[in-house]
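# Observations on the model geometry
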Amino acid sequence: MQFLKEEDIDKFAKYVAKNVGQGFFGHHDFEVDRADVEEYETEADEVDDGDESLLTSITIEFAVTRNDYDEDGWIKVSRGCTRTFYEEDFESFYEEDNDE
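For every chain, the first residue of the written sequence is number 1, and numbering continues from 1 along that sequence. Given that this is a predicted model, residues contribute local features only at a pLDDT of at least 70 and side-chain atom pairs are listed and counted only at 80 or more, while totals for whole chains, interfaces and linings are drawn from all residues. The side-chain quantities take in all heavy atoms of the structure and omit both hydrogens and water.

### Details of the confidence of the model for the protein chain
Stated precisely, the cut-off is as follows: The predictor attaches a confidence to each residue, called pLDDT, with possible values from 0 through 100. Secondary structure elements follow DSSP: runs of H or I of four or more residues count as helices, runs of E of two or more count as strands, with numbering from the N terminus.
Put simply, the protein chain has an average pLDDT of 84, and 88% of its residues get 70 or more. Within the protein chain, no element has a lower average pLDDT than helix α2 (residues 43-46), which sits at 82, and none a higher one than strand β1 (residues 4-5), at 94.

And the structure:
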């Protein structure tokens, strides 16, 4: 099982904002303005004698903006969502981190 290390929380949030955030809004012109960690669960929350520094899930709140133009002029569209990331997301994060 792949965990997210507590020391990598901020780095993971930036990774998600850069690589994942725009993808699930369905439009490439959205800019991720914010990707804040809302909550997380640790191995200790799920297993007796588990490690509190190993995260099993992390929930990130996103805020995105898109500036667009229509027949009435410039418009600004803002959206937000919350998504929880798990083991497979952590695996992708660490694989890319090792590639750099």
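### Description of the packing of aromatic side chains
Threshold: Two rings belonging to Phe, Tyr or Trp (six-membered ring only in the last case) form a pair when the distance between their centres is within 6.5 Å. Interplanar angles under 30 degrees mark stacking, angles over 60 mark edge-to-face geometry, and anything in between is tilted. Only protein chains enter the accessibility calculation, which uses a 1.4 Å probe; a residue is then buried when its area is under 20% of its type maximum, exposed when over 50%, and partly exposed in between.
Scanning the entire structure with this criterion turns up seven aromatic pairs. Measuring from ring centre to ring centre gives 6.4 Å for Phe62 and Phe85, while their planes differ by 65 degrees; the resulting arrangement is edge-to-face. Of this pair, Phe62 sits in strand β3 (residues 54-70) while Phe85 sits in strand β4 (residues 73-85); the two residues are 23 residues apart in sequence, bridging distant segments of the chain. The two residues Phe62 and Phe85 agree in class, both being buried. Pairwise contacts between aromatic rings join Phe12, Tyr15, Phe62, Phe85, Phe90, Phe93 and Tyr94 into one cluster.

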